[in-house]
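# An overview of the molecular structure
Here are the chains, one letter per residue:
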Amino acid sequence: MAKINPIIKDKIELLEKKELQKLVLKAASTSKQFHDYLLINYIDKEYGEQDLFDAAKSDLYMLYRKSYKGYSKELQLANMFAACNKRINEFGKVCRNKALEMELILDVLEIPFSNSSNSFTTCFTKYNYQVYLLLKKAITILKTKLHEDYHIQYAPRLNEYLTVLHRTSSHLDYIYLLPKSI
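Residues numbered from 1 in each chain as written. Predicted model: local features only at pLDDT ≥ 70, side-chain atom pairs only at ≥ 80, totals over all residues. Heavy atoms only, no water.

## Observations regarding the overall build of the chain
- Counting secondary structure elements, the chain contains nine helices and zero strands.
- When its helices and strands are written in sequence order, the chain yields α-α-α-α-α-α-α-α-α.
- On C-alpha atoms alone, the chain measures out to a radius of gyration of 20 Å, which is more than a quarter above the 16 Å that the 2.2 N^0.38 rule sets for 182 residues.
- Put simply, of all contacts in the chain between residues at least 6 apart along the chain, 63% involve residues at least 24 apart.
- For the chain, the computed accessible surface area is about 11700 Å², with 56% contributed by carbon and sulfur atoms.
- For the chain, the centre of its 27 positive side-chain charges and the centre of its 21 negative side-chain charges are spaced 6 Å apart. (Helix = DSSP H or I, 4+ residues; strand = E, 2+ residues; numbered from the N terminus. Rg over C-alpha atoms; globule rule 2.2 N^0.38 Å. Contact = heavy atoms within 4.5 Å. Areas by Shrake-Rupley, 256 points an atom, 1.4 Å probe, with all protein chains shown as cover. Lys, Arg positive; Asp, Glu negative; His and termini not counted. Charge placed at Lys NZ, Arg CZ, Asp CG, Glu CD.)

Pasting the structure below:
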């Protein structure tokens, strides 16, 4: 994040309202993150986050249907998980409701854990690593960002995912270092 020069701050205070409106509109048109920030905090405080969540969810569904490069199904899925993780990160930067971000992550994690657990035992560790990144993000959000009441809702599913990963891929250091349960 860029540090604002004090001279610029002083000059912005001197600008007229019309010029400030032009600046805000220009910034909103050039930066999607700023546009979403305005939507959530100033324009649609009540339903803005839910609208962005719905848009992110539909973007994830589009990413699910897209075809990805890779020699095997696992490598293609790993590339898909990386793209989904990138989209979730964009959503997480502007969204204050971390439960919505958790819902997106769990939606993506449902894909690898609904498939056969044999896909974790292949030689393609990129697949395991992308699943690990999503699972670690979910654990971090649950432990640090969400209220303890959410543990009842999310912990059993995350524990189930941890059990599968430890059973199939414990030979990988990053998975070995994950907690056995939350």
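## Quick look at the nonpolar core
- Membership of the largest hydrophobic core comes to 47 residues, with the highest contact counts inside it found for M102, L109, L135 and L158.
- Among the elements of the structure, α3 (32-43), α4 (48-65), α5 (73-94), α6 (98-114), α7 (125-145) and α8 (149-169) are those that each provide at least two residues to this core.
- With sequence-adjacent residues up to four places away left out, L135 is seen in contact with L109, L158, Y161, L162, L165 and L178. (Core = buried A, V, L, I, M, F, W, Y, C linked by side-chain atoms within 4.5 Å. Buried < 20%, exposed > 50% of the residue type's maximum accessible area, 1.4 Å probe, protein only.)

## Focus on the packing of aromatic side chains
- Inspection of the entire model under this criterion finds 11 aromatic pairs.
- With a centroid separation of 5.5 Å and an interplanar angle of 75 degrees, the aromatic rings of Y61 and Y64 are classed as edge-to-face. Residue Y61 and its partner Y64 are both found in helix α4; the two are separated by three residues, about one turn of the helix.
- Relative to Y174, the ring of Y132 has its centre 5.0 Å away and its plane inclined at 50 degrees; by these criteria the two rings are tilted. (Phe/Tyr/Trp six-rings, centres within 6.5 Å; stacked < 30°, edge-to-face > 60°.)

## Considering a nonpolar patch on the surface
- On the surface, I4, I8, I12, L20 and L23 cluster together to form a nonpolar patch covering roughly 420 Å² of accessible area.
- Going through the elements one at a time, α1 (6-14) and α2 (17-30) are the ones with two or more residues in the nonpolar patch.
- Position of L23 relative to the elements: it lies in helix α2.
- For L23, a relative accessible area of 45% puts it in the partly exposed group. (Patch = residues over 30% accessible without salt bridge, like charges linked within 9 Å, V, L, I, M, F, W, Y side chains within 5 Å. Salt bridge = Lys/Arg side-chain N within 4 Å of Asp/Glu carboxyl O.)

## Quick notes on the environment of N5
- Positionally, N5 belongs in the segment before α1.
- In this structure N5 comes out as partly exposed when scored by relative accessible area, which is 37%.
- N5 sits 39 residues away from D44 along the chain, and the two C-alpha atoms are 30 Å apart.

## Section: the packing of α6 against α8
- Taken N-terminus to C-terminus, the directions of α6 and α8 make an angle of 30 degrees; their axes are 12 Å apart at the nearest point. Taken together, α6 and α8 sit at an angle that is classed as roughly parallel. For the pair α6 and α8, the sense of crossing is left-handed. Counting all contacts with α6, which are made through A99, M102, E103, L106, L109, E110 and F113, the residues of α8 involved are Y150, Q153, Y154, R157, L158, Y161, V164 and L165.
- Residue composition of the contact of α6 with α8, grouped by class: 11 nonpolar, one polar and three charged. (Axes fitted to C-alpha atoms, helices over the stretch in contact; angles between N-to-C directions. Parallel < 35°, antiparallel > 145°, perpendicular 65-115°, else oblique. Left-handed = near helix turned anticlockwise from the far one by under 90°. Nonpolar A, V, L, I, M, F, W, Y, C, P; charged D, E, K, R; others polar.)

## Comments concerning the pattern of salt bridges
- For the coordinates displayed, the defined rule picks out four salt bridges.
- A salt bridge links D36 to K32; the nearest nitrogen and oxygen atoms lie 3.1 Å apart. One end of the pair, D36, and the other, K32, are both in helix α3, four residues apart, so they sit about a helical turn from each other.
- Note on D36: relative accessible area 8%, which makes it buried.
- Classification of K32 by relative accessible area gives partly exposed; the value is 48%.
- Between E90 and R87 there is a salt bridge, and its shortest N-O distance comes to 3.7 Å. Placement of both E90 and R87 in helix α5 is noted, with a separation of three residues, approximately one turn of the helix.
- What emerges from the salt-bridge pattern is a single network uniting D59, R87 and E90.

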